[in-house]
Amino acid sequence: MSRDAPAPAPRRLTLHVLRSHAGEGGEPRFEAFQLDESEGMTLFIALNEIRATMDPSLQFDFVCRAGICGSCAMLINGKPGLACRTLTRDLSSEFTLAPLPVFEVIGDLSVNTGRWMRAMAERLETWIHEQGTPDLDAIEAPMEPALAEAIYEADRCIECGCCVAACGTAQMRADFIGAVGLNKIARFRLDPRDRRDDTDYYALVGDDGGIFGCMSLLGCHDVCPKGLSLRSQLAYLRRKMAAQGLR
Ligand code: SF4
Ligand code: F3S
Ligand code: FES
């Protein structure tokens, strides 16, 4: 008579979390937490377990738990990623978590991407600039499906900040608008409802704080959790802005 093999013992995980508290002084330091891994455990579950059972002061951000809101991005073994979409089984039993660089640290793993993204949106005016006073009674103009799809593709960005955190230029230049901002410009350039032209876009991103600060390091492309094709968006925008600059 055969017997089922006993279930393997759960792995014991060790999370080294970079702790800091904004405004309280003191150097950030790693603190180790240990817990048993459970089936299907994500970093969201692990961090919540730590906060519930070991340290209620641990700070980190989550809203949707589904890779949609962009609030849970952090450095996982030094690489930007979404904690809610990261399974512990894809990591070794011991790993590090740290806040995203570039952004203001609120405390521990929580960073203020919201303030950075708002400043970016205001600087680039990331909204449709209408061709005149909108006629609310007019029938909406149809759009070619391929064009709508291209706009939708760029719009899948969840503003998580991973691309900014992975970018050497963004870490060196506080005024660099990052792949997230350049992707927005690429998106509005496509949109026929926006009256802005390449002269306007060149004024916004035709310098080292914009597309010419990008050194094609492609860390952004490698880490984007939504799989946006940042490499092609940036290359296309660079060609268009270079052509505009030579006019
Ligand atoms: Fe995040 Fe990708 Fe958007 Fe950058 S482009 S903010 S990595 S979703
Ligand atoms: Fe930075 Fe991406 Fe350019 S990593 S340098 S924005 S290609
Ligand atoms: Fe929303 Fe992770 S909690 S993307």
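These lines cover the structure that appears in this document, whether it is placed above or below. Keep in mind the model is a prediction, meaning the values are calculated, not measured. (Residues numbered from 1 in each chain as written. Chains lettered and ligands numbered in written order. Predicted model: local features only at pLDDT ≥ 70, side-chain atom pairs only at ≥ 80, totals over all residues.)

Of the regular secondary structure elements, the protein holds nine helices and seven strands. Its C-alpha atoms put the protein at 75 × 55 × 35 Å along the principal axes. Across the 247 residues that make up the protein, the buried fraction comes to 32%. Counted over contacts in the protein with a minimum sequence separation of 6, partners at least 24 positions apart contribute 65%. (Helix = DSSP H or I, 4+ residues; strand = E, 2+ residues; numbered from the N terminus. Buried ≥ 20, exposed ≤ 12 C-beta atoms within 10 Å, placed from the backbone. Contact = placed C-beta atoms within 7 Å.)

Time to look at unusual backbone geometry. The phi angle at Arg-65 is positive, at roughly 60 degrees, despite the residue not being glycine. The topology assignment puts Arg-65 in the loop between helix 1 (43-53) and strand 3 (73-76). We note that Asn-77 has phi near 50 degrees; this positive angle belongs to a residue other than glycine. Mapped onto the elements of the fold, Asn-77 is located in the loop between strand 3 and strand 4 (79-82).

Now for the site of ligand 2. Close to ligand 2 lie Ala-166, Cys-167, Thr-169, Ala-179, Cys-214, Met-215, Ser-216, Leu-217, Leu-218, Gly-219, Cys-220 and Leu-234, which account for all nearby residues. Of the residues contributing to the shell around ligand 2, the split by class is nine nonpolar, three polar and no charged. (Near = placed C-beta within 6 Å. Nonpolar A, V, L, I, M, F, W, Y, C, P; charged D, E, K, R; others polar.)

Looking now at helix 6 (residues 178-190). With 13 residues, helix 6 ought to run about 18 Å at 1.5 Å a step, and its terminal C-alpha atoms sit 19 Å apart, in line with that. The buried fraction of helix 6 amounts to 12 of the 13 residues, a majority that puts the element mostly inside the structure. (Expected span 1.5 Å × (residues − 1).)

As a structural note, the neighbourhood of ligand 1 is formed by 14 residues, with Cys-157, Cys-160, Cys-162, Cys-163 and Cys-224 the closest of them. Of all the secondary structure elements, the ones that give two or more residues to the shell around ligand 1 are helix 4 (162-165) and helix 6. Counting residues per element, the shell around ligand 1 draws most heavily on helix 6, which supplies three residues. Its residues assigned to classes, the shell around ligand 1 shows 10 nonpolar, two polar and two charged.

Read across the sheet, five strands follow the order 2-1-5-3-4 without closing on themselves; strand pairing throughout is mixed. The sheet is open, and its two edges are formed by strand 2 (29-36) and strand 4, each paired on a single side. For this sheet the average axis-to-axis angle between neighbouring strands, irrespective of direction, equals 35 degrees. Across two bridges, the pairing between strand 3 and strand 5 (residues 94-98) is antiparallel. Within the sheet, the bridge partner assigned to Leu-75 lies in strand 5 and is Ala-98. (Pairing = 2+ DSSP bridges. Axes fitted to C-alpha atoms, helices over the stretch in contact; angles between N-to-C directions.)

A few words on the nonpolar core. Counting residues in each nonpolar core, the largest one holds 54 residues, and the members touching the most others are Cys-163 and Leu-182. Residue contributions to this core reach at least three from each of two domains, namely domain 1 (12-111) and domain 2 (113-129 + 144-245). (Core = buried A, V, L, I, M, F, W, Y, C linked by C-beta atoms within 7 Å. Domains from an automatic or database assignment.)

On to the environment of His-21. Mapped onto the fold, His-21 is located in the loop between strand 1 (12-19) and strand 2. Here the alpha-carbon distance between His-21 and Asn-77, two residues 56 residues apart in the chain, equals 21 Å.

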